[in-house]
Amino acid sequence: MNSKTNKFVFFAWLILTLSALVVSVHSYRQNGIEHNILALVPEDTVDQRMDETNRNFLASLERTLFFAVSDEVTAKDLKTRLENSGVCQTVFGQIQPDKQRAIYAFLNAHRLAFVDPSTQNLLTNPQAYSAWVMAQVFNPFAGVGQAELSGDPLLLIRRAKSSLSPSKNATLKNGWIVAGDQTGKTFYLIEASLKDGISVTDAVISVNQILKELQKDHPDALALRQGIPFYTASGLESAKADVSILGTLSLVGLLAIFWLAFRSIRPFLLCVVSLLTGLIFATAATYLAFGCVHAAALVMSTSLIGISADYTTYFLTRRMQFGLTETAFQTRDRLKTTLLHAVGTSSLAYGVMLLAPLPGLRQFALFGAVGLMASCLTVLVAFPYLVAKFPVRDLALHALFSRWVNLWTLHPAKMRSVCLIGVALCALGIARLQISDDLAGMQTPDASLRADEAHFAKLFERDMTQHWFVVLGSSSDEVLAREKALIEKLTPLKKEGKIAAWDAFAINTEAEQTHLLPIYEKTAEVTRKALGDVGVVLPPEKTPQTLRLEDFLASDMARAYRGRISQLKDGSWGLILSATNVKDESAMRQASQSISGTYWYSRKGSFENIFRTCRITVSTLLALSFAAIFLAFAHSFGLKAGSYCAGCSLLSLVAALGIMGWIGIPLQIFSLFALILVLGIGIDYIVFFYRHSQQAVGVSFAVTIAMVTTVLSLGILVLSRTAAISNFGLVLFLGITAAYLIAPLVLTIQKQ
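Residues numbered from 1 in each chain as written. Predicted model: local features only at pLDDT ≥ 70, side-chain atom pairs only at ≥ 80, totals over all residues. Heavy atoms only, no water.

Caption draft 1: Broad picture of the pairing of strand E5 (residues 176-180). Across the five residues of E5, four count as buried, placing the element largely inside the fold. Relative to E5, strand E4 (residues 171-173) is paired through three bridges, and the arrangement is antiparallel. Opposite Thr 171, over in E5, you have Val 178 as the bridge partner. Hairpin remark: E4 followed by E5, antiparallel, with two residues in the connecting loop; positive phi at Asn 174, about 55°. Between E5 and strand E6 (residues 186-194), which pair antiparallel in sequence order, lie five residues; one of them, Gly 184, sits at a positive phi of approximately 95°. (Buried < 20%, exposed > 50% of the residue type's maximum accessible area, 1.4 Å probe, protein only. Helix = DSSP H or I, 4+ residues; strand = E, 2+ residues; numbered from the N terminus. Pairing = 2+ DSSP bridges.)

Pasting the structure below:
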């Protein structure tokens, strides 16, 4: 290209970069950063209605916070602070007397809706039921008054309280739902729902600040937390800290490496220019393609720091060696084919991940591919103007790199033998390799949250375990009838210790209420006569009303049930029956399969099935990626040399898998994505050694700097607090180190 063309391309690239920056900033302000872990995985359901029921349930959980406070004064203070925080839509705690009276009136008016099975059986025997009522009336400790008897002569609401309680440990005290622990402390329950339109993370940050201030003002009180928003916010804060800390460490490491290699800070600044340009284009492309950028994709994309530094290293090494004999534009022209070949293969490795069924990793794939291409193009377009007067000097550690190259060129047979021994050892390691799709091994939840959750679960018999029953029905009566049938199946399983508890929807169907009405009237008549015989005369009572499910959900009574049961878009109904402390999931699955429209759903199991399917898919994509790279090598270098180069790139994967087996690192879905990148990055080294074998010492210097910068940025991911990302970084570290050690093997090829 002539001077005018070069300038036109440079300014066009500058305008494109500024445009991408505007798109990135605007999109970030509009959409922010996605942090919901569910956005990383696709939905996995067998029924659209089941999917809708699950989403309704999860939507309610994702904006609900629970607190258990160890004394009433502190609980009142926390409730007031939450109400005044500006982030809570509703705060439920102490039930005021007028509200208690309204709830009791509602229960009393529809008391047949809450008659449990044992009470139904007793009602069929009027004499026995009458005797029970008489015993309650004349028991001095029962506390039955005239007002209660007048409104509810059969004391149905008194009997129903146990089934309406959130747990067998919970009771009502001064209007609070309370439960005691083994130390004798009484905990007061508070439930808060977050306002729509407010970021969950921002809301939880405000709530956590309230809890800190509460602890200062009430140092002897204990406030337990439970709720998905706490985990969501904790995960995002962890990801932000990883991006900040790991990114900073990578940049500091790059500064040190470039200073030692080139004895100047200028290469570091050039590397930053290339990197930032790549990040700007990658962010803009991801927002345009997906509408958001996930925090996990940002964390894994710190790998771009090391990879994009490769192109800067290759270009500057050439300038340092040949700056006196060629212009910067001539340097670009001589490296253009090699750089484009290198970025093409690396982008191909990223691009393969676009076929993955995980949405979050498709984001990472696009982010990585676009970022690398933009970084490389920045080197080719802008660097000839930025390095025109780059100093020319001898390579650092020239003698050491010469000896390294001579090992391969003067003793090819010995070095091949060393590689074969290494391959044999790695093959033994692969035989020891463990495969894992366990979701628990891919995440590291906050320890304090887990401790609070465990304590909370013991108090109120509710936890955040990700498994439950989904019950579907064409009508409200059908879904409630199926739930009752399911509970009948679960009752013997509870006695066998296979499940500890479940959160049942304690309301009878309209048909059951209609059936109970004549039985109730007959038993009430017998009971009234028995009470009259001993002088307790009751006024006429109102006939119990039939309660429709829709009316129940609209009442104050339904606060705890909203989200767990809902009318779906097609007019049918979906219900969630939460399960606590399940010991045998297969027994739960069998119980659900025996009842039509009932399913056992395990979120953890669903994720693991997705990961298992993805692992198999990605293994296939890895094979396809290798086949595509083999064809590219064969086309560029010929069949024999291309096969040799492709074989060298395959050895880096074998080495990484073998080392994983020896040191006990499990092969996960994220390990496979790391191996795809190892394949692409390792090819960069092979391409440079093969294409520039005549300048092998200079290439060895450049590849070493490139490897150190890449390992520095990727290896730092091992320090991530997210287990999956840590595994990703460790496998990349092993694979790229192996790729660096194996790449000079191509120097033993006899070129035709």
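Caption draft 2: Broad picture of the pattern of salt bridges. Within the structure shown, the criterion is met by 22 salt bridges. In this structure, Arg 81 engages Asp 217 in a salt bridge whose closest nitrogen and oxygen atoms are separated by 2.5 Å. Pair noted here: Arg 81 is in helix H3 (residues 72-83) and Asp 217 is in helix H9 (residues 200-217), with a separation of 136 residues, a long-range link. Note that Arg 482 and Glu 478 form a salt bridge whose closest N and O atoms lie 3.3 Å from each other. You can see Arg 482 and its partner Glu 478 sitting in helix H19 (residues 476-495), four residues apart, about one turn around the helix. Here the residues in one salt-bridge network are Arg 111, Asp 152, Arg 528 and Glu 541, joined through shared partners. (Salt bridge = Lys/Arg side-chain N within 4 Å of Asp/Glu carboxyl O.)

Caption draft 3: Molecular detail of the packing of aromatic side chains. On inspection of all chains with the given rule, the structure shows 20 aromatic pairs. When the centroid spacing of 6.0 Å and the interplanar angle of 90° are considered together, the rings of Phe 262 and Phe 701 count as edge-to-face. With Phe 262 in helix H10 (residues 228-262) and Phe 701 in helix H26 (residues 696-715), this residue pair connects regions lying 439 residues apart in the sequence. Phe 262 gets classed as buried once you look at its relative accessible area, which sits at 0%. Site record: aromatic cluster; members linked through ring pairs are Phe 10, Phe 11, Phe 329 and Tyr 385. One residue, Arg 318, lies across the ring of Phe 322, its end atom 4.2 Å from the ring centre. (Phe/Tyr/Trp six-rings, centres within 6.5 Å; stacked < 30°, edge-to-face > 60°. Lys NZ or Arg CZ within 6 Å of the ring centre and 35° of its normal.)

Caption draft 4: Focus on the confidence of the model for the chain. Overall, the predicted model of the chain reaches an average pLDDT of 84, with 93% of residues at or above 70. Here helix H12 (residues 295-300) is the element of the chain with the lowest mean pLDDT, 66, and H3 is the one with the highest, 93. (pLDDT = per-residue confidence, 0-100.)

Caption draft 5: Representation of a nonpolar patch on the surface within the structure. Residues Phe 11, Leu 14, Leu 18, Leu 21 and Val 25 make up a contiguous nonpolar surface patch of about 430 Å² in total accessible area. For Leu 21, the position within the fold is in helix H1 (residues 3-31). (Patch = residues over 30% accessible without salt bridge, like charges linked within 9 Å, V, L, I, M, F, W, Y side chains within 5 Å. Areas by Shrake-Rupley, 256 points an atom, 1.4 Å probe, with all protein chains shown as cover.)

Caption draft 6: Focus on helix H2 (residues 48-61). A rise of 1.5 Å per residue sets the reference length of H2, with its 14 residues, at 20 Å; its end C-alpha atoms lie 20 Å apart and thus fit the reference within 8%. Every buried residue belonging to H2 is among Met 50, Asp 51, Glu 52, Thr 53, Asn 54, Phe 57, Leu 58 and Leu 61, and all of these are buried. (Expected span 1.5 Å × (residues − 1).)

Caption draft 7: Quick look at the packing of helix H24 (residues 639-663) against helix H25 (residues 669-691). Between H24 and H25, the shortest axis-to-axis distance is 9 Å and the interhelical angle comes to 140°. As far as their axial angle goes, H25 and H24 are oblique. Crossing of H24 against H25: the hand is right-handed. In this structure, H24 contributes Ala 641, Cys 645, Cys 648, Ser 649, Ser 652, Leu 653, Ala 656, Leu 657 and Met 660 to the contact, and H25 contributes Ser 671, Leu 675, Val 678, Leu 679, Ile 683, Ile 686 and Tyr 690. Of the residues that constitute the contact of H24 with H25, the class distribution is 13 nonpolar, three polar and no charged. (Axes fitted to C-alpha atoms, helices over the stretch in contact; angles between N-to-C directions. Parallel < 35°, antiparallel > 145°, perpendicular 65-115°, else oblique. Left-handed = near helix turned anticlockwise from the far one by under 90°. Contact = heavy atoms within 4.5 Å. Nonpolar A, V, L, I, M, F, W, Y, C, P; charged D, E, K, R; others polar.)

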